[in-house]
Amino acid sequence: MGITLSKTNKIFFPVLIIVLAALAAMSPFAIDTYIAALPMMATFFGVSLHVVELTITLYFFGFALGNFVGGPLSDSFGRKTIALTGIALYGFSSLAIPFCTKIEYILFLRILQAFGGGFATVTANVFIRDWYDGKQVARFVTIISMIIMLAPLFAPILGAALIHWWGWKSIFIFLLAFSVFLFLSLLLLIPESRDKKFITRKFTGKQLLEKYRIFFSNRQSTMMLFAISLPMSGMYIFITSASFIYIEYFGISPIRFPIFFGANVVLNILLSLLNTYLLRRYRPKQILRVGLLIQLIAGIALATAVRFSEPQLWAVFASIVVFIGSLGLVFGNGTATILNHNPEVAGSANATIGIARFALSFIIGSILTLFHTGDLIPFGTILLLCSLSGNILFL
């Protein structure tokens, strides 16, 4: 396209960061804007809240599937083609959901929406890896992650406003508009980052599995993958359970809900800012170790707080905020470490990170639903186990 920016253009980097952050924010918007609407949707469709929560749990499954296919395909067909295709699927699903009359239809469309989101989002970090390397990758991934975290900060507020004025269906109209804007921005402004000599436009199932075989043959990368994916999955399990914890269990009103939800994001952003400063003096792995330890302490505090006969809101809230906020020191550094170890299959490596954290979130979230007891003990226990496992694997 005539107005596509070149890497040497002065405004290329800020535009790239904004577009890639928006690309990676597709899923936070698709999840966080309507968490407060789950009780309303349960009433609308005449089902229990835990059935509607499946629209979030299944999103994790669809997103992981989109990552699984999209990552390797981006190595063969180019990052931009795969990203645009995923955005289109995401937008189509957003358009169809408001017309659904049964929850079963929404469950299917949420998987399709998530597949499109995963298909597109998997390319975000790989655009950066194609153009940069070393500590630059960690710094840029952290910057994008920090911007992404603004989505969960404002999304619940935006969602609450949309729900209040136009009902839960308006949320998906917003997601449609967002996808159209993102599609046009990527199409017109961002060039293809994959070297032309690597874009074969040929792909087979054998090639798909081979790319993942190359990644998993590296023992250090495999251990690091699960060391960051298990702690990250704790965040998505919280997102799934947030409506139950604050609105149903503690009786927080939907209007006040964004305040409790957004506090996690504020700390995450602050620690992400700190991380960009620390990267000038320390290696990503060193900072990652500290982030994992902070999260483990918060996990222990949360697991203890929920075991009281009457858990205190402040104790549960503070523990969750530190648990989620600590990921500002974890995800960017872990991702950069893995990508720098696997430059030849960067698309597949980045896809594997998405697959692992969302597949684990789907599996663990489903287990949490099965063991729902009406209190917070299963939730606190699972988050502690996620963090503890991540720390052990890292060591």
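Going by what an unreviewed UniProt entry lists, the protein is known as Multidrug effflux MFS transporter and is assigned to Draconibacterium aestuarii. Under the heading Subcellular location (unreviewed entry), UniProt records this for the protein: "Cell membrane". Its UniProt record gives the protein a comment under Sequence similarities (unreviewed entry), which states: "Belongs to the major facilitator superfamily. Bcr/CmlA family."

Asks: Please explain the overall build of the protein as it appears in this structure.
Replies: When you go through the protein residue by residue, the secondary structure sums to 19 helices and zero strands. Looking at the protein as a whole, 60% of its 395 residues are labelled buried. Summarising the internal contacts of the protein: among those between residues at least 6 apart in sequence, 85% fall at separations of at least 24. Working note: accessible area of the protein is about 15,900 Å², and carbon and sulfur atoms make up 71% of it.

Asks: Before we go on, may I ask you to explain helix α19 (residues 377-394) in this structure?
Replies: Since the α-helix packs 3.6 residues into each turn, any two residues three or four apart lie on the same face. Between its terminal C-alpha atoms α19 stretches 26 Å, which fits the 26 Å expected from 18 residues at 1.5 Å a residue. Those residues of α19 that sit buried are Pro-378, Phe-379, Gly-380, Ile-382, Leu-383, Cys-386, Ser-387, Gly-390, Asn-391 and Phe-394.

Asks: Help me out: how do you make sense of the packing of helix α5 (residues 54-77) against helix α6 (residues 79-96) in this one?
Replies: What describes two packed helices is the angle between their axes and the distance between those same axes. In the contact formed by α5 and α6, the axes pass within 8 Å of each other and the chain directions differ by 150°. By the angle class used here, α5 and α6 are roughly antiparallel. Of the two possible hands of crossing, α5 and α6 adopt the one that is right-handed. Between α5 and α6, the contacting residues are Tyr-59, Gly-70, Leu-73, Ser-74, Asp-75 and Phe-77 on the first element and Arg-79, Thr-81, Ile-82 and Tyr-90 on the second. Here the contact of α5 with α6 is composed, by residue class, of five nonpolar, three polar and two charged.

Asks: Explanation requested: the nonpolar core in the structure shown.
Replies: Nonpolar side chains tend toward joint burial in soluble globular proteins. Judged by nonpolar contacts, the single largest core of 116 residues is most densely connected at Leu-23, Phe-238, Ile-245, Tyr-246 and Ile-320. The residues contacting Ile-245, other than those within four sequence positions of it, are Phe-238, Phe-250, Ile-320, Leu-376 and Phe-379. Counting five residues, the second largest nonpolar core, distinct from the first, contains Leu-271, Leu-278, Ile-287 and Leu-329.

Asks: How do you make sense of a nonpolar patch on the surface when you look at a structure like this?
Replies: Among the surface-exposed residues, Leu-150, Phe-154 and Ile-157 lie close enough to one another that they form a single nonpolar patch of about 280 Å² accessible area. Of note, Leu-150 is situated in helix α10 (residues 150-166).

Asks: Where do I start with the packing of aromatic side chains in this structure?
Replies: Given two aromatic rings, their pairing is described by the distance between the two centres and the angle made by the two planes. The full count for this structure, using the stated rule, is 17 aromatic pairs. Relative to Phe-261, the ring of Phe-238 lies with its centre 5.7 Å away and its plane at 15°, an arrangement referred to as stacked. Here Phe-238, found in helix α13 (residues 219-249), pairs with Phe-261, found in helix α14 (residues 257-278); they are 23 residues apart in sequence, far enough to count as distant. Take Phe-238: its relative accessible area is 2%, and that puts it in the buried class. Through successive ring pairs, a cluster of aromatic residues spans Phe-238, Tyr-246, Phe-257, Phe-260, Phe-261 and Phe-317.

Asks: I'm lost on the packing of α14 against helix α16 (residues 313-325) in this one. Help?
Replies: Where α14 contacts α16, the axes come no closer than 8 Å and their chain directions differ by 35°. Here α14 runs over α16; the crossing is right-handed. Two secondary-structure elements touch here, α14 through Phe-260, Ala-263, Asn-264, Leu-267, Asn-268 and Leu-271 and α16 through Leu-313, Phe-317, Ile-320, Val-321, Val-322, Ile-324 and Gly-325. Tallied by class, the residues present in the contact of α14 with α16 amount to ten nonpolar, three polar and no charged.

Asks: Help me out: how do you make sense of the side chain of Gln-113 in this one?
Replies: As for its placement among the helices and strands, Gln-113 is situated in helix α7 (residues 103-121). Gln-113 sits in the buried class, given a relative accessible area of 0%. Of note is the side chain of Gln-113, whose polar atom sits 2.8 Å from the side chain of Arg-110. What Gln-113 contacts, discounting residues up to four positions off in sequence, is Ala-30, Tyr-59, Tyr-90, Ser-93, Ser-94, Ile-97, Phe-172 and Leu-175.

Asks: Looking at this model, I keep getting lost on the environment of Val-266. Mind explaining?
Replies: Structurally, Val-266 can be placed in helix α14. On the basis of relative accessible area, Val-266 is assigned to the partly exposed category, the value being 40%. Separated by 55 residues in sequence, Val-266 and Val-321 have C-alpha atoms that sit 8.9 Å apart.

Asks: In this structure, what is going on with the side chain of Ser-185? I would like to understand it.
Replies: With respect to the helices and strands, the residue Ser-185 is situated in helix α11 (residues 169-189). Excluding residues within four positions of it along the chain, Ser-185 makes contact with Val-19 and Ile-190.

About the thresholds
Residues numbered from 1 in each chain as written. Predicted model: local features only at pLDDT ≥ 70, side-chain atom pairs only at ≥ 80, totals over all residues. Heavy atoms only, no water. UniProt positions renumbered as here; feature names shortened; annotations may be inferred. Helix = DSSP H or I, 4+ residues; strand = E, 2+ residues; numbered from the N terminus. Buried < 20%, exposed > 50% of the residue type's maximum accessible area, 1.4 Å probe, protein only. Contact = heavy atoms within 4.5 Å. Areas by Shrake-Rupley, 256 points an atom, 1.4 Å probe, with all protein chains shown as cover. Expected span 1.5 Å × (residues − 1). Axes fitted to C-alpha atoms, helices over the stretch in contact; angles between N-to-C directions. Parallel < 35°, antiparallel > 145°, perpendicular 65-115°, else oblique. Left-handed = near helix turned anticlockwise from the far one by under 90°. Nonpolar A, V, L, I, M, F, W, Y, C, P; charged D, E, K, R; others polar. Core = buried A, V, L, I, M, F, W, Y, C linked by side-chain atoms within 4.5 Å. Patch = residues over 30% accessible without salt bridge, like charges linked within 9 Å, V, L, I, M, F, W, Y side chains within 5 Å. Salt bridge = Lys/Arg side-chain N within 4 Å of Asp/Glu carboxyl O. Phe/Tyr/Trp six-rings, centres within 6.5 Å; stacked < 30°, edge-to-face > 60°. Polar contact = N/O pair within 3.5 Å; in protein donor to acceptor, adjacent residues only side chain to side chain.

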